[in-house]
Structures are given as C-alpha cells and as structure tokens.
Amino acid sequence: MLKSLLSSAVALTLALPAFADISVADPYARAAGPTAKAGAAFMVIENTGDSDDRLVGAASDIAARVELHTHKDMGEGVMRMMQVEEGFAVPAGGTHALARGGDHVMFMGLKRPMNQGDMVTVTLTFEKAGDIEIDVPVDLERQPGSEMQHDSADHGDGMKMDH
C-alpha cells in the first residue's frame with residue numbers, strides 16, 4: 001500500500017504544470033480616468049526555472065481587446081505605444097518587468113470603468129508555462145517610480161498610440 005501511495009505521489013509531482021517556475025509580483029492596473037477607453041496592467045514576472053520562457057499573450061474580460069505593448073522612442077521627444085506580437089522574454093532564473101513607460105499589458109475598449117480598489121482578472125499566456133490567471137488590483141493612486149525594479153517614466157499621458 002505504501003509503495004502504491006509513493007508511486008502516486010511521484011506521478012502527481014511529475015504531472016505538475018510548468019508554471020510553478022513562473023510567478024508574478026507587484027501587479028497593478030490603471031486607467032487615466034473613469035471614462036477612459038483604455039487601461040494597462042504592470043507587474044514583475046519571475047522565472048525560477050532552468051529554461052527561458054516567453055509571455056506571448058494576455059486576456060481579460062474587462063476589455064474588448066488585450067495586447068502586449070511597449071513604448072518606442074521615435075526620436076525628437078516622440079514616444080509611440082505599439083503592440084509586441086512576439087511577446088516578452090522571461091529568462092531562466094531572471095525577471096521581466098512590465099512597467100509604466102515600458103512593456104505592459106494593454107486593455108483596449110474597456111467594458112467598464114477601472115475604479116480604485118477594483119480587481120481585474122487577467123490570464124497571462126506563456127510559451128512553456130501555459131495560461132496563468134492572476135487577480136490584479138486597480139491602483140490609480142500609485143505614483144511613477146514607486147514600482148518594484150521599474151523605471152520612473154510615466155505611462156500613457158499624452159503618448160501617441162499606434163492602434
């Protein structure tokens with residue numbers, strides 16, 4: 001009986017999904033205001049595994065479309081927000097920050113306002129780890145520069161969007 005239980009425990013351990021290697025820290029979401037048609041989510045993704053992974057998509061019922069975006073310096077002080085179809089690499093043993101002024105999850109065509117303290121459910125899709133569902137708090141009060149390991153550039157205000 002003990003041998004059978006041990007075999008079952010080993011089989012369960014081996015069947016655990018790969019996302020045990022991916023974790024998300026300090027997630028938050030925001031929109032410019034209650035009538036905004038777009039919003040964004042930010043977080044730090046950590047890969048504790050031995051192989052690289054890649055965030056390749058995101059989904060949420062809060063918006064008509066959810067995409068992975070970044071800001072690109074077009075020169076002469078112009079920043080353009082654009083979709084990153086290939087996604088974001090998350091190196092083995094490393095992190096990738098989705099931060100204001102940089103890479104982020106973009107919500108377009110918001111179906112409801114994003115109010116302070118609300119929770120937004122987001123499904124992150126990774127090449128290897130698969131789908132990971134997280135609850136992201138809406139934090140409209142967070143100031144630029146207060147993110148963990150993030151740059152202090154502001155997000156979205158006055159930025160030209162490439163949609």
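Residues numbered from 1 in each chain as written. Predicted model: local features only at pLDDT ≥ 70, side-chain atom pairs only at ≥ 80, totals over all residues. Heavy atoms only, no water.

Regarding its fold elements, the chain presents one helix and 11 strands. Walking the chain from its N terminus toward its C terminus, one meets helices and strands in the order α-β-β-β-β-β-β-β-β-β-β-β. For the chain, buried positions account for 39% of its 163 residues. Restricting to contacts in the chain with at least 6 residues of sequence separation, those with at least 24 account for 69%. Total accessible area on the chain stands at roughly 8900 Å², and carbon and sulfur atoms take up 53% of it. (Helix = DSSP H or I, 4+ residues; strand = E, 2+ residues; numbered from the N terminus. Buried < 20%, exposed > 50% of the residue type's maximum accessible area, 1.4 Å probe, protein only. Contact = heavy atoms within 4.5 Å. Areas by Shrake-Rupley, 256 points an atom, 1.4 Å probe, with all protein chains shown as cover.)

Counting all residues, the mean pLDDT for the chain is 82, and 76% of those residues have values of 70 or more. Here residues 5-19 scores under 50 on pLDDT; set against residues more than four positions off or in separate chains, the count is five contacts. Predicted confidence for residues 148-163 stays below pLDDT 50, and this span has 46 contacts to residues more than four positions away or in other chains. (pLDDT = per-residue confidence, 0-100.)

Mapped onto the elements, Thr121 comes out in strand β9 (residues 119-126). Other than its neighbours up to four places away in sequence, Thr121 contacts Ala59, Ser60, Asp61, Glu133, Ile134 and Asp135. Within the local environment of Thr121, its side chain forms a polar contact with the side chain of Asp135, the two groups lying 2.9 Å apart. (Polar contact = N/O pair within 3.5 Å; in protein donor to acceptor, adjacent residues only side chain to side chain.)

So, on to the nonpolar core. Val105, Phe107, Met114, Leu124 and Phe126 are the most contacted members of the largest nonpolar core, which has 29 residues in total. When residues of this core are traced back to their parent elements, those giving at least two are β1 (22-31), β2 (38-47), β3 (53-59), β4 (63-75), β6 (88-90), β8 (104-110), β9 and β10 (130-137). Ranked by residues supplied to this core, first place goes to β9 with four residues. Contacts of Phe126, omitting those with residues within four sequence positions, involve Ile22, Ile45, Asp53, Arg54, Leu55, Val56, Val90 and Ile132. (Core = buried A, V, L, I, M, F, W, Y, C linked by side-chain atoms within 4.5 Å.)

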